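Remarks on the overall topology
Given next are the chains, with one letter for each unit.
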Amino acid sequence: MNSFWAFSNLAPFKWEKHQGMEVLRDDWTIWKERFENALVILGETDPKKLKAILLLFGGVQLHTLFRNLSIIDPPEDEAQSINPYEAALQKLDNYFAPKRPDHLERYIFRSMKPEANESPENFFFRLCGQSMWCNFGGSEESRSIAIIDKFVLEAPCDLRRMFFEADDHTLAGAREILKTYEMNQMIRKLVHGDKKSRAKK
């Protein structure tokens, strides 16, 4: 069976010139993760072939960028010390997701606010995404505390109360609180809508 079917649902990586740096970084990270998942299914391990597959399925825009960044295959006598695939991926990472100072990443995290009409759940996931670029002391517990503290600070009053009353302060516990909150909001809208329709009769 041809394992290249794993790439059938992977669209080429495309971006716009006006795209914000955070959005571009997140889009690249997600695309790269999907690409690497497809490589696992493919089972290819040869670095030169992996580099070729990256440029092929990355699309014309990515391949053109790769050429403009002046990435070339190493000479044969140096090939033993250079992994062409890792070198190419690192070059693209440096372009799409350059390393930024830890304090800047934490500043961006702590400055985040819910957007207009953004659901609490979506804001929660945005915080989780930005937290992956932050150094909160090296432990997952520290990361979880930072996410929950920031989320509770920006949450609506009724949702904030639910967090204060909860016993489980893990990210999994926060997710359960969010699901309960969203369900309560949906029920409230249904009941409110039903009362309105009855009042009109």
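Scope of this entry: the structure provided in the associated data block.

Calculation rules
Residues numbered from 1 in each chain as written. Predicted model: local features only at pLDDT ≥ 70, side-chain atom pairs only at ≥ 80, totals over all residues. Heavy atoms only, no water. Helix = DSSP H or I, 4+ residues; strand = E, 2+ residues; numbered from the N terminus. Polar contact = N/O pair within 3.5 Å; in protein donor to acceptor, adjacent residues only side chain to side chain. Contact = heavy atoms within 4.5 Å. Patch = residues over 30% accessible without salt bridge, like charges linked within 9 Å, V, L, I, M, F, W, Y side chains within 5 Å. Areas by Shrake-Rupley, 256 points an atom, 1.4 Å probe, with all protein chains shown as cover. Salt bridge = Lys/Arg side-chain N within 4 Å of Asp/Glu carboxyl O. Phe/Tyr/Trp six-rings, centres within 6.5 Å; stacked < 30°, edge-to-face > 60°. Buried < 20%, exposed > 50% of the residue type's maximum accessible area, 1.4 Å probe, protein only. Lys NZ or Arg CZ within 6 Å of the ring centre and 35° of its normal. Axes fitted to C-alpha atoms, helices over the stretch in contact; angles between N-to-C directions. Parallel < 35°, antiparallel > 145°, perpendicular 65-115°, else oblique. Left-handed = near helix turned anticlockwise from the far one by under 90°. Nonpolar A, V, L, I, M, F, W, Y, C, P; charged D, E, K, R; others polar.

What follows concerns the side chain of Arg25. Relative to the helices and strands, Arg25 is located in helix α1 (residues 21-42). Engagement of the side chain of Arg25 in a polar contact is seen with the side chain of Glu105, the distance being 2.7 Å. If sequence neighbours within four positions are ignored, Arg25 has contacts with Phe96, Ala97, Arg100, Glu105, Gln130 and Trp133.

With that settled, consider the side chain of Arg143. Residue placement: Arg143 occurs in helix α7 (residues 140-154). Residues in contact with Arg143, not counting those within four places in the same chain, are Ser131, Met132, Cys134 and Phe136.

A surface patch of nonpolar side chains, about 470 Å² in accessible area, is lined by Met183, Met186, Ile187, Leu190 and Val191. Along the chain, the position of Met186 falls in helix α9 (residues 171-200).

This model, assessed by the stated rule, comprises 18 aromatic pairs. With 5.9 Å between their ring centres and 35° between their planes, Phe4 and Phe7 make a pair best called tilted. A relative accessible area of 3% places Phe7 in the buried class. With 5.3 Å between their ring centres and 70° between their planes, Phe13 and Trp28 make a pair best called edge-to-face. With Phe13 in the segment before α1 and Trp28 in helix α1, this pair connects stretches of sequence that are 15 residues apart. With respect to burial, Phe13 and Trp28 carry one shared label: buried. An aromatic cluster is defined as three or more aromatic residues linked by ring pairs; in this entry it consists of Phe4, Phe7, Phe13, Trp15, Trp28, Trp31, Phe35, Phe57, Tyr95 and Phe96. Over the face of the ring belonging to Trp133 we find Arg25, whose NZ or CZ atom lies 4.0 Å from the ring centre.

This next bit is on the packing of α1 against helix α2 (residues 47-58). Their axes nearest at 12 Å, the elements α1 and α2 cross at an angle of 130°. Here α2 runs oblique to α1, going by the angle between their axes. The two elements α1 and α2 meet at a crossing, and its hand is right-handed. Contacts between α1 and α2 involve Trp31, Phe35, Leu39 and Leu42 on the former and, on the latter, Leu50, Ile53, Leu54, Phe57 and Gly58. Residue composition of the contact of α1 with α2, grouped by class: eight nonpolar, one polar and no charged.

We now examine the environment of Phe4. Among the secondary structure elements, Phe4 is positioned in the segment before α1. For the pair formed by Phe4 and Ile41, sequence separation is 37 residues and the distance between their alpha carbons is 8.4 Å. Filtering out sequence-adjacent residues up to four positions away, Phe4 remains in contact with Leu42, Ile53 and Phe57.

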